[in-house]
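Here are the chains, one letter per residue:
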Amino acid sequence: MASSLAVVVLAAGAGTRMKSAKPKVLHPLAGWPMLRHVMENVAALRPARVVGVVAPGAKDVVAAFAPHKTVVQKKPLGTGHAARAAMPMLKGHKGPVLVIFGDAPLVKSETIKRLVAECARARAAVGVLGFKSADPTPYGRLIVRDGVLERIVESRDAQGAERAIDYCNSGVMCLDGALAGELLAGIGNDNVKKEFYLVDAVAVARAAGHHAIAVEGPEAEFQGINSRAELAAAERALQQRLRAAAMDAGVTMTDPDTVWLAADTNFAPDVTIGPNVRFGPGVTVGANVDIRGFCDIEGARIGRDAIIGPFARIRPGSLVGEDVHIGNFVELKATVMGKGAKANHLAYLGDATVGAASNIGAGTIAVNYDGYGKWRTEIGADSFVGSNSSLIAPVRIGRGSNVTAGSVITSDVPANAVAFGRARQETKKGRAPALRAKLKARALKHKRGKK
Amino acid sequence: MASSLAVVVLAAGAGTRMKSAKPKVLHPLAGWPMLRHVMENVAALRPARVVGVVAPGAKDVVAAFAPHKTVVQKKPLGTGHAARAAMPMLKGHKGPVLVIFGDAPLVKSETIKRLVAECARARAAVGVLGFKSADPTPYGRLIVRDGVLERIVESRDAQGAERAIDYCNSGVMCLDGALAGELLAGIGNDNVKKEFYLVDAVAVARAAGHHAIAVEGPEAEFQGINSRAELAAAERALQQRLRAAAMDAGVTMTDPDTVWLAADTNFAPDVTIGPNVRFGPGVTVGANVDIRGFCDIEGARIGRDAIIGPFARIRPGSLVGEDVHIGNFVELKATVMGKGAKANHLAYLGDATVGAASNIGAGTIAVNYDGYGKWRTEIGADSFVGSNSSLIAPVRIGRGSNVTAGSVITSDVPANAVAFGRARQETKKGRAPALRAKLKARALKHKRGKK
Amino acid sequence: MASSLAVVVLAAGAGTRMKSAKPKVLHPLAGWPMLRHVMENVAALRPARVVGVVAPGAKDVVAAFAPHKTVVQKKPLGTGHAARAAMPMLKGHKGPVLVIFGDAPLVKSETIKRLVAECARARAAVGVLGFKSADPTPYGRLIVRDGVLERIVESRDAQGAERAIDYCNSGVMCLDGALAGELLAGIGNDNVKKEFYLVDAVAVARAAGHHAIAVEGPEAEFQGINSRAELAAAERALQQRLRAAAMDAGVTMTDPDTVWLAADTNFAPDVTIGPNVRFGPGVTVGANVDIRGFCDIEGARIGRDAIIGPFARIRPGSLVGEDVHIGNFVELKATVMGKGAKANHLAYLGDATVGAASNIGAGTIAVNYDGYGKWRTEIGADSFVGSNSSLIAPVRIGRGSNVTAGSVITSDVPANAVAFGRARQETKKGRAPALRAKLKARALKHKRGKK
């Protein structure tokens, strides 16, 4: 059931320090755009409404907010201005209004929930998430007395004893919905940059005699992401969370620091993961699966007891059945491997279905592309496809059939048939020395020609 | 020569926090089951007897203890109970009895040796290994006065000044063999869990007027392994030891943190290892070998001056000769490469022997499996196997012979012969536009059909 | 314009702790020999002359100094003796003389510049670079009073209050050119090892009434490199510099700790790099390129909007055009890929030219080597090379042509032609069970034969 909460997500910032043509909130973290993490964290509170605030022309950001509505902040006049831009979308809303930033993917749902709950409990007009920092210098400081957030001193304005205060402003704020419009409207721009700062909502509230509070969260959740280096730091933080959760659930990782997970990677117990494995989004791994080193897996379901890698690549749309083996230098793309099927060495299976217990030889290519269309290869159960075969899709290889090594298969093979598509071997006795002499002479001539 | 030492290895713990169907002591570390590290560390003391204590039905653990005997602890009634279960196996034993845990793979032989030696020197009835910890809270504290280990205070019982004591109990214990039975029998279970704790042997000994001592070891050797995260931490600790030893011996690693060694990996000097190389157990590497990034090597011997990788996989049973080159996306399995032989690109050589100075072309597959048996390919010295060839084992390619590219070789090729197994090229001038038009139309039709 | 600076680079040390047949200063760091880093850092000062001091017989080191001259230090009699050996090469030189070590690759140009500038400003006969260390024990201490470097106390000679001094000697020194010969000649060898220490130039200068100064630099620039472990630490330090610079310039790295750069890797903005990518020397990457995990790239230019990997290897001499896709298990060697060309799966393209918009099928091999010579494959634009094809170089595949899958192409293919080189498929209905029975029987017989 949806709560009475409205959420405003500010995503109109320029992110110039990223030096990127891509909007900052769309840069990826753990396989998702940054903004999606914020949206998922917020979704856990089951808000009644979510409104995104975007910069003019930011179509990709608008799309990332869907199905939620967005409002355009026409000029970049500060965070208070941005939040105020969302107010018309919240007409009639009575409950609390959470204002959070689209570049704050590390703030956990639990922390946001505590803020909202504490604001309700304390009947505060405004509440902010704060954190204790060993190095508070760059942050605004929260001045709290007797449980009241009296004011927020901007970093540059901190004087004397205030500079020693280590309780810092995260920027995440919860406003009483009945007062939100009034508080945001009360923010002025009497400062050097002539911008409207969201943080000033606290001063507005206090000046009007309203209650304000601060709620503490862990500093680690409030790392700023303004450069590629900070993006990498956030990625590391997220990865550490994901790895710890996977290990808690019974996954062994030889070296957790070299396993890259997506936010939605899903493991059954007793999965083993070697060093250097990357999971893109959309992967589910069954019990007792052994994923060896140097694998890249995305958008795939791996059945229990399967053995993957080393050096395997499994691409989106693949379903790897129970007890399947996918070995080194093998690529699957949108391919279904039936129970117990094997492709152990150097193969490309694109748009293929391989029946249970079938064996795909080394060097086999399921040729899915002809320059114009993509076609499927269907291989029945209990088949044996010899090494270095090329299966020219669309083609069906029947159940229990045998394709001999080195064959090019262009027509369907019925069940239990043997298919060849290769030349008979010819052996010319004693000819190699002459061939070598010819090749040697050619190389020599070429070398001379170059001089 | 064996010493007079008996060793009891406790390996009956459940390890529930691992969330695994596999017994904790069999989880792998640096390529070996955890227990094997303990066994090897203990073996360096040349004990007269080793007895394992296992849980009921733990067949795999019993097998891991072989050739040493095991005894079953019938009920999980605590470590003291477990150690006592081993006593009948030590009948007639007079020397010291070391009790160590199967999940303590980081405790070095030197440290154990010191414990045993100090106990003998001090004529102690019981000695324990202790360690100083910056955060002693979770551990039992060793109360030592004038060289006497007076007692051990369990963590939860520590009071006042005791809580500040940073000398902690590791659990590793050495008992005087003549008293061991008596001391273990004296341990009671008057506690909340109604278990018999090995640590109480100290109290029993002291109460009977015997001498007890503590011997200090480094905290790093006593990390507990109770979860997958702690398993990963232990793996990291072992890897750091192994990497440091390899570098000391003259191995260059571009990034040591991304080289995963096995406990038995063996290097000659001047080996160079790029980033991301995994060594499974049983690898020996000769002098001046260059192992480039992204390789996976297990159960293989690499001869001097060889160049391996990047992206090479060498599987058990392979012997890579002097000056051999194994390049990218090449897999060797149980394959012998003679001196100076080369397989530089995309190849699978399974169950093959390649003679000295032979060249294996890109895309070559030694087809070792026919669905039922595994067969060998034998290639003589000075041969040239053309690209994309399939060698259907069992088959012999004679010395100095030449297999042309794209051939399927099913019959033996004599020495110095040239073997073909491919169709002659046919070229249809001007046909491509029509073919393209046909393929395009087919793709279009298919697309429409889908709608 | 060259400055009036002369530089003496000491590179005659034995480096025994490296346990290597290779001279220490030639061990690689970030893709360059260690010495090259020093030479590049020094070159930024545009010195009038550079002289290397080398050990007898160190041909490779002499070569690494080219085009600069070297002088041989005939006997290893210490750093002062080594520096003095260079003096004859500096006859007539009036400006400052910088003495730096060939194993000091981390000392930045800016730091050296500051030393030289401060020496000039202070009219010092000698100046040394120093650094503050939290653990100064192993270093000589700089005794500075009122801006004068009074003396340097060797670590082992430090007494009382001197031991607490944390200002340490880096060994890098700048001498007044007019006095350099005299100062170096004044150094004695009245010490245990009977060696001439460069550091004593300070004492000589002070005794003669000259001015001496110390200039502070960051400790991180003065890490010693005497073992493989210290080499790895220096590599890590360099990599962190290079990664930070790349991120500042607009490169995203999923996990910067697993991207290995060369000193000269060059990125346009908005490049994305997945985990585990190694760049050898000589790589330039265009804007918006997406390099996925597990790639190895060296000596190549990657055009804008290209997609590389995962698991791609690009070797020296390759030019990857704009919008090209190079996929998994693909190797390029000295290969040119025209705009929009694709080689997405398991292929080796050696010495090839691929025209714009052409598609190279999975498993294709450009067969460049015949055992004697290396030959080129030229593929025109808009061509389609079918999977598992072998193109036997030298060969030309004309523009707009189509090579069918599984073909071996030995003769040139004209533009717009279709080329085949494969056998027609034959299908033997119902034959597979008999074939399977035969293979099964063979395997069984073989197994029995082994017993």
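Residues numbered from 1 in each chain as written. Chains lettered and ligands numbered in written order. Predicted model: local features only at pLDDT ≥ 70, side-chain atom pairs only at ≥ 80, totals over all residues. Heavy atoms only, no water.

Quick look at the relation of the copies chain B and chain A now. Superposition of chain B onto chain A requires a rotation of 120 degrees combined with a translation of 0.0 Å along the rotation axis, giving an RMSD of 0.0 Å. These values place the two chain copies in the arrangement generated by a three-fold rotation axis. If distances are taken from each C-alpha of chain B to the rotation axis, the shortest is found for B:Ala423, at 3.1 Å. Mapped onto chain A, only 18% of the interface residues of chain B are again interface residues, and the two copies thus contact each other with different surfaces. (Least-squares fit on C-alpha atoms with pLDDT ≥ 70 in both. Contact = heavy atoms within 4.5 Å.)

With that settled, consider the interface of chain B and chain A. Where interface size is given, it is often the accessible area lost as the parts come together that is meant. Contact residues are listed per partner, giving 65 residues for chain B and 54 residues for chain A. For the pair chain B and chain A, the summed buried area comes to about 4,300 Å², and 61% of that belongs to carbon and sulfur atoms. One can count two salt bridges joining chain B with chain A. On the surface where chain B and chain A come into contact, there are 24 residue pairs in polar contact (both at pLDDT 80 or more). Looking at the side of chain B that touches chain A, the element that brings in the most residues is helix α7 (residues 228–248) of chain B, giving seven residues. (Buried area = accessible area lost by both parts, 1.4 Å probe. Salt bridge = Lys/Arg side-chain N within 4 Å of Asp/Glu carboxyl O. Polar contact = N/O pair within 3.5 Å; in protein donor to acceptor, adjacent residues only side chain to side chain. Helix = DSSP H or I, 4+ residues; strand = E, 2+ residues; numbered from the N terminus.)

Now for the sheet that holds strand β30 (residues 377–379) of chain A. Ordered by their spatial adjacency, eight strands build an open sheet running β14-β17-β20-β23-β25-β27-β30-β33 (chain A), and the pairing between neighbours is parallel. In this open sheet, the two strands that pair with only one neighbour each are β14 (266–267) and β33 (395–397) of chain A. (Pairing = 2+ DSSP bridges.)

Another aspect to go through is the interface of chain C and chain A. The interface is formed by 54 residues belonging to chain C together with 66 residues belonging to chain A. The contact between chain C and chain A buries some 4,300 Å² in all, and 61% of this surface belongs to carbon and sulfur atoms. For the chain C face of the interface with chain A, the top three residues by lost area are C:Tyr372, C:Trp375 and C:Gln425, together amounting to 14%. Residue C:Asp370 is joined to A:Arg442 by a salt bridge in which the shortest nitrogen-to-oxygen separation is 2.9 Å. There are 25 residue pairs in polar contact (both at pLDDT 80 or more) connecting chain C and chain A. Taken together, the elements giving at least two residues each to the side of chain C that touches chain A come down to α8 (228–248), β12 (252–253), β24 (325–333), β26 (342–350), β37 (426–428) and α9 (432–450) of chain C. Here the element with the most residues in the side of chain C that touches chain A is α9(C); it accounts for four residues. Here the side of chain C that touches chain A is built from residues that sort into 24 nonpolar, 17 polar and 13 charged. (Nonpolar A, V, L, I, M, F, W, Y, C, P; charged D, E, K, R; others polar.)

We now examine the packing of aromatic side chains. All names here are of chain C. Applying the stated criterion to the full structure yields 21 aromatic pairs over all chains. Judged by centre distance (5.0 Å) and plane angle (85 degrees), the rings of Phe131 and Tyr139 are edge-to-face. Judged by its relative accessible area of 1%, Phe131 is buried. In this structure Tyr139 comes out as partly exposed when scored by relative accessible area, which is 27%. For the ring pair Phe267 and Phe279, a centre distance of 5.4 Å and an interplane angle of 90 degrees mean the geometry is edge-to-face. (Phe/Tyr/Trp six-rings, centres within 6.5 Å; stacked < 30°, edge-to-face > 60°. Buried < 20%, exposed > 50% of the residue type's maximum accessible area, 1.4 Å probe, protein only.)

Right, let's talk about the sheet that holds strand β25 (residues 336–337) of chain C for a bit. All names here are of chain C. Read across the sheet, eight strands follow the order β14-β17-β20-β23-β25-β27-β30-β33 without closing on themselves; strand pairing throughout is parallel. Each of the sheet's edge strands pairs with one partner strand only, and the pair in question is β14 (266–267) and β33 (395–397). Looking at chain direction, strand β17 (residues 284–285) and strand β20 (residues 300–302) are connected through two bridges and run parallel. From the neighbouring strand, Thr284 faces β20, where its bridge partner is Arg301.

On to the side chain of C:His27, then. Tracing the backbone shows C:His27 in the loop between β1 (6–11) and β2 (28–29). Among the residues examined, C:His27 registers a relative accessible area of 2% and is labelled buried.

So, about helix α3 (residues 79–86) of chain B. An α-helical turn contains 3.6 residues, so any two residues separated by three or four positions project in the same direction. All names here are of chain B. Among the residues of α3, Gly80, Ala82, Ala83 and Ala86 are the ones counted as buried. Seen end-on, α3 carries its buried residues on one side only, within an arc spanning 160 degrees. In this structure, the buried residues of α3 make contact with β1 (6–11), β4 (49–54), β5 (69–72), β6 (97–101) and α5 (177–185). (Arc of directions from axis to C-beta.)

Residues and elements named next belong to chain B. Counting buried residues along β6, five of its five residues qualify, which places the element largely inside the surrounding structure. In this sheet, β6 lies alongside β1 in parallel orientation, the contact comprising five bridges. Note on β6: the bridge partner recorded for Val7 is Leu98. Across three bridges, β6 lies against strand β10 (residues 167–175) in antiparallel orientation. From the neighbouring strand, Leu98 faces β10, where its bridge partner is Cys174.

Here we come to the environment of B:Gly274. Residues and elements named next belong to chain B. Mapped onto the elements of the fold, Gly274 is located in the loop between β15 (272–273) and β16 (277–279). Under the relative-accessibility criterion, Gly274 is labelled buried at 8%. Each C-alpha atom of the pair Gly274 and Gly171 lies 40 Å from the other, and the pair is 103 residues apart in sequence. Leaving out residues up to four positions away in the same chain, Gly274 has contacts with Thr254, Val259, Ile291, Arg292 and Gly293.

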